[in-house]
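Fold and geometry: a report
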Amino acid sequence: MKEENAQKMQLHEMNPLDRFSDRVEDYVKYRPSYPKDAIAYIISSLKTSDPVIADVGAGTGISSRLLAEFNSIRVIAIEPNAEMRKAAAPHPSIEFRDGTAEATNLADNEVDLVTCFQSFHWFNPILTLPEFHRILKRDGRLAIVWNTRDRNDQFTAKYSSLVRKASNNHPGEKRSDAIQPFLESPLFVNLRQSIFPDRQKLDLAGLIGRAMSTSYIPKSGEAYEELMSDLQHLFDNYCDEDGFVSLVYQTEVYLGEPIY
């Protein structure tokens, strides 16, 4: 019954603020980055050459650093998890702040761009979208980004199957519906989607670490032991002569503009 109830819950009801606290080390080491072309695409949509960005659900700052290093742009990294904020490497153009997507603690019309990299599915859209609309300037932009595993690639598809099995088909593996509230919101217009290919090269430790950086993967027990065995077998079957495999991603970027 507990498993059935979990399947019916929304992701924002599944302790999103603390669920990554015991995954920080693997998150820092093994989470994939994002293509430079995707970052350039987002920044090029802005009307100003000196923007202020709110990167919401910033985690350990993977996306925040990419944004900040694009012409030394100022980034306010909003992250509610203290352990994630502590693990973030300092950067002169990034200011980490405690806050949530539903309550960023930013001022009205304060930022030119709100970004959500690999995080929007954990937010309550009923509260989040009005909050983003409030903090955006009139000519601002909202960018929602996911690294989606490309199941057309055989290795990536098999890895995804192992993750789904180990997580007992956790709802986090089914994010396709998460974008719908944004697409249907009356607060944003001129919505568009772009896709950028990317890949993550990993050795065996990296492949295991990538899996363990996922918050809904067990860290002990029978399912964990089975996953470790399955990942070893998968790696052995697909690694190249240098001892690496590659996860293939489609980086999906959804852009929209606030309507007033």
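Chains are numbered independently. Their residues run from 1 in the order of the written sequence. Only residues with pLDDT of at least 70 get local features here, since the model is predicted, and only at 80 or more are side-chain atom pairs given and counted; chain-wide, interface and lining totals rely on the full set of residues. Hydrogens and water are ignored here; the side-chain numbers use all heavy atoms of the structure.

Moving on: the overall build of the protein chain. Tallying secondary structure elements over the protein chain gives 10 helices and 7 strands in all. Counting every position in the protein chain, which comprises 260 residues, the buried fraction comes to 51%. The contact criterion used throughout is that any non-hydrogen atoms of two residues lie within 4.5 Å. Within the protein chain, contacts between residues separated by at least 24 positions form 77% of all contacts whose residues are at least 6 apart in sequence. All accessibility values rest on the Shrake-Rupley procedure with a 1.4 Å probe; residue burial counts only the protein chains present in the view. About 12,400 Å² of surface is accessible on the protein chain, with carbon and sulfur atoms providing 48% of the total. Segments assigned H or I by DSSP are reported as helices when at least four residues long, segments assigned E as strands when at least two residues long, and all are numbered from the N terminus. Accessibility here uses a 1.4 Å probe with only protein chains present; expressed as a share of the type maximum, an area under 20% marks a residue as buried, one over 50% as exposed, and anything in between as partly exposed.

Phi angles above zero are rare outside glycine, and Asn-109 is one such case at about 50°. Within the secondary structure, Asn-109 is located in the loop between strand S3 (94-97) and strand S4 (111-117). Even without a glycine there, the phi angle at Asn-190 is positive, about 55°. Its location among the elements puts Asn-190 in strand S6 (residues 188-202).

Interaxial distance between helix H9 (residues 204-212) and helix H10 (residues 221-238) falls to 10 Å at its minimum, and their mutual angle equals 140°. Viewed along their axes, H9 and H10 adopt a mutual orientation that is oblique. The way H9 lies across H10 gives a crossing that is right-handed. Taking contact as the criterion, the partners of Leu-204, Leu-207, Ile-208, Ala-211 and Met-212 in H9 are, on H10, Tyr-224, Met-228, Leu-231, Gln-232 and Phe-235. For this scheme, ten residues count as nonpolar: Ala, Val, Leu, Ile, Met, Phe, Trp, Tyr, Cys and Pro. Four count as charged, namely Asp, Glu, Lys and Arg, and the remainder, Gly too, count as polar. The residue inventory of the contact of H9 with H10, partitioned by class, reads 9 nonpolar, 1 polar and no charged. Between N-to-C directions, angles span 0 to 180 degrees; the directions come from axes that are lines fitted to C-alpha atoms, helices contributing only their stretch in contact. Roughly parallel refers to an angle under 35 degrees, roughly antiparallel to one over 145, roughly perpendicular to one between 65 and 115, and oblique to any angle outside these ranges. Each helix crossing is assigned a hand: it is left-handed if the near helix lies turned anticlockwise from the far helix by less than a right angle, otherwise right-handed if that turn is clockwise.

What follows concerns the pattern of salt bridges. What counts as a salt bridge is simple: a side-chain nitrogen of Lys or Arg found within 4 Å of a carboxyl oxygen of Asp or Glu. Using the criterion set out here, one finds 12 salt bridges in the structure. One salt bridge connects Arg-85 with Asp-98, and the closest N-O pair in it is separated by 3.4 Å. Of the two residues, Arg-85 is situated in helix H5 (residues 82-87) and Asp-98 in the loop between S3 and S4; the sequence distance between them amounts to 13 residues. With relative accessibility at 23%, the residue Arg-85 sits in the partly exposed group. Between Asp-230 and Lys-165 there is a salt bridge; the shortest N-O distance is 4.0 Å. Taken together, the residues span a long stretch of sequence, with Asp-230 in helix H10 and Lys-165 in helix H7 (residues 154-166) at a distance of 65 residues. Put simply, Arg-74, Glu-95 and Arg-97 are held in one network by salt bridges that share partners.

It is worth spelling out the pairing of strand S5 (residues 136-149) at this point. Among the 14 residues that make up S5, 10 are buried, leaving the element largely enclosed by the rest of the structure. Here S4 pairs with S5 via 6 bridges, running parallel. Following the sheet pairing, Leu-113 is matched in S5 by Arg-141. Here a strand pair is declared whenever DSSP counts at least two bridges between the two strands. By the bridge criterion, 8 bridges tie S5 to strand S7 (residues 245-258) in an arrangement that is antiparallel. Each bridged residue has a counterpart across the sheet, and for Asn-147 the counterpart in S7 is Thr-251.

Each pair of packed helices gets described by two things: the angle between the helix axes and the distance between those axes. Closest axis-to-axis distance for the H7/H10 pair is 10 Å, and the angle between their directions is 175°. Here H7 is positioned roughly antiparallel relative to H10, judged by the angle of their axes. Contacts from Gln-154, Phe-155, Lys-158, Tyr-159, Leu-162, Lys-165 and Ala-166 of H7 reach H10 at Ala-223, Glu-226, Leu-227, Asp-230, Leu-231, Leu-234 and Tyr-238. Classifying every residue of the contact of H7 with H10 gives 9 nonpolar, 1 polar and 4 charged.

Across the sheet, which stays open at both edges, the 7 strands sit in the order S3-S2-S1-S4-S5-S7-S6 with mixed pairing between neighbours. Unpaired on one side and paired on the other, S3 and S6 mark the two borders of the sheet. Averaged over all pairs of adjacent strands, the angle between their axes in this sheet comes to 20°, without regard to strand direction. As paired strands, strand S1 (residues 52-56) and strand S2 (residues 74-78) are joined by 5 bridges and run parallel to one another. Bridged to Asp-55 within S2 is Ala-77. In this fold helix H6 (residues 125-135) packs onto S1, S4, S5, S6 and S7, with an angle of close to 135° to the strand it touches most, S5.

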